[in-house]
Amino acid sequence: MSVQQNPPPANNNASFNHDNIAEVDLLGREKFALEIAKRLVHNFPNGSDGMVMAITGKWGSGKSTLLHYLDKHILAEHHQQKQEVRMDAVVIKFNPWMYNGQKELQAIFLKEIAIKSGNQNQAIKEFLGKLADRLIIPKLLGSLSYNVAGVGVTAQGFDKLFEDDLEQLKDNVNIDLITRKRKLYIIVDDLDRLEPQSIIEILQLIRLNASFKNVTYILAYDKDYVHQALKQKYGNNGDEYLEKIVQLDYAIPEPSSLRMEELFVNELHKLQADLGLDVSMKVIHNLWNLSELNTFFSTPRNIYRYFNSLRMRMPIIHQDIIVEDFMIVEVFRMFTHKVYKELIAYLSFSSYDERKRDFAKKYIDKEYKNVSVGKLIKVLDDSNYYRKEF
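Because the structure is a prediction, the values reported are computed rather than measured.

A. View of the overall build of the protein chain. For the protein chain, the helix and strand inventory stands at 15 helices and 7 strands. Buried positions account for 47% of the 390 residues belonging to the protein chain. For the protein chain, restricting intrachain contacts to residue pairs at least 6 apart in sequence, the fraction spanning at least 24 positions comes to 77%. In the form shown here, the protein chain has an accessible surface area of approximately 20400 Å², with 51% of it arising from carbon and sulfur atoms.

Given below as structure tokens:
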């Protein structure tokens, strides 16, 4: 179906989708977050050992959105506890991108615990600061000699000077957390956006500090990516290394095709309002299901990126095209670029020559391995598709 002859004026202030927390829970992430929050709050009473859990899912599957809801419900569940068992909850969002090197990570991490936990024990606060500074000094001085309490030492031998202090610190913090009935939740998001070496350093940091009482670490990452990073250092033992650190693993639920279609249509409605498009929702529904358009959109991020691209490309040409055809071509351009390049060459021929015949055989033939591509090519090749009754 073509666009309207006289479409409404376009909205020049159309907004783009940014890779932020979803404002509307179209994929039902909040319900899942609530169930996790209840288990974390009610199954780990005061004095419990530290615990590490992971939220895993593909890039763009909504892990950050789920963490946002998890943060909200953890605090709400603690507030609803009975007075005799209620613990004071603090959520700490630790951003690993800002630091480089394991010693700097450890130093900032210790300071973060001291500050964000609201620790009122001044001795512990000062102790944390001193240890953190000790961790950073060797990084700054390298192999140079320097004085600690009047004793000349080198950076290489520096660690041994505070190992006992670090253990004493952890004991003091544990006592303080239990006495004050304080629970820390440390969230580390986007672990899968780091370089492999940085991922290993973060996991080592967590392993070294997992012995704190009343502390729960919540990591979010693409499991395949992290496994691949660990494999570079630990080989086939990479999975076992991760299992020794992470005690609980929650795979983020895969959204149903119906949910993803709702999200796709919702974004299409916004685009319609912005540009004054006339698009048949019945045709879109059939493209999504019968022609397998849905196979190209496995995550919300795929949908948002796709419609951002349409918002950039369509305002100038939308009155001169068949919108549904253009949407199919844009799918190929973004997700199967090789097909897109061959398709552009195919469309440039006015007569049905040998090159056209080869293209049609390759992509429309039922034996072609990518059935979804073949079905969408058929739509482009069928001038009567949009007038058919389904």
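B. Region of interest: the environment of I284. Secondary-structure assignment places I284 in helix 10 (residues 281-289). Looking at I284, the relative accessible area reads 1%, which means it is buried. Spatially, the C-alpha atom of I284 lies 8.2 Å from that of V265, the residues being 19 residues apart in sequence. Setting aside residues no more than four positions away along its own chain, I284 makes contact with F264, L268, V279, E324 and M327.

C. View of the packing of aromatic side chains. Summed over all chains, the structure comprises 12 aromatic pairs. On the numbers, 5.0 Å between centres and 65° between planes, the contact of F264 with F307 is edge-to-face. Of this pair, F264 sits in helix 9 (residues 257-275) while F307 sits in helix 11 (residues 300-317), and the two are 43 residues apart along the sequence. The residues F264 and F307 share a single accessibility class, namely buried. Ring geometry for F297 and Y306: centres 5.1 Å apart, planes at 70°, overall edge-to-face. For F297, a relative accessible area of 3% corresponds to the buried category.

D. Representation of the confidence of the model for the protein chain in the model. For the protein chain, the mean per-residue pLDDT works out to 76, and 68% of the residues sit at or above 70. Strand 1 (residues 51-56) holds the highest mean pLDDT among the elements of the protein chain, 95, whereas strand 3 (residues 145-148) holds the lowest, 34. Overall, residues 1-13 carries pLDDT values under 50, and its contacts beyond four positions in sequence, including any with other chains, amount to 23 contacts. Counted against residues more than four places away or in other chains, residues 135-158, with its pLDDT under 50, gives 34 contacts.

E. Quick peek at the side chain of E261. The topology assignment puts E261 in helix 9. The charged side chain of E261 is buried without a salt bridge, its nearest counter-charge being R259 at 11 Å. Separated by 2.7 Å, the side chains of E261 and H285 make a polar contact.

F. Broad picture of the pattern of salt bridges. The final tally for this structure, using the stated rule, is 15 salt bridges. Where E35 meets R39, a salt bridge forms, and the shortest distance between an N and an O atom there is 3.4 Å. Residue E35 and its partner R39 are located together in helix 1 (residues 29-42), separated by 4 residues, close to a single helical turn. For R311, the salt bridge identified is with E267, shortest N-O distance 3.7 Å. Residue R311 is located in helix 11, and its partner E267 is located in helix 9; the two are separated by 44 residues in the primary sequence. E267 gets classed as buried once you look at its relative accessible area, which sits at 1%. Among the charged side chains, a salt-bridge network with shared partners connects E267, K270, D274 and R311.

Reading the values: rules and limits
Residues numbered from 1 in each chain as written. Predicted model: local features only at pLDDT ≥ 70, side-chain atom pairs only at ≥ 80, totals over all residues. Heavy atoms only, no water. Helix = DSSP H or I, 4+ residues; strand = E, 2+ residues; numbered from the N terminus. Buried < 20%, exposed > 50% of the residue type's maximum accessible area, 1.4 Å probe, protein only. Contact = heavy atoms within 4.5 Å. Areas by Shrake-Rupley, 256 points an atom, 1.4 Å probe, with all protein chains shown as cover. Phe/Tyr/Trp six-rings, centres within 6.5 Å; stacked < 30°, edge-to-face > 60°. pLDDT = per-residue confidence, 0-100. Lys, Arg positive; Asp, Glu negative; His and termini not counted. Salt bridge = Lys/Arg side-chain N within 4 Å of Asp/Glu carboxyl O. Polar contact = N/O pair within 3.5 Å; in protein donor to acceptor, adjacent residues only side chain to side chain.

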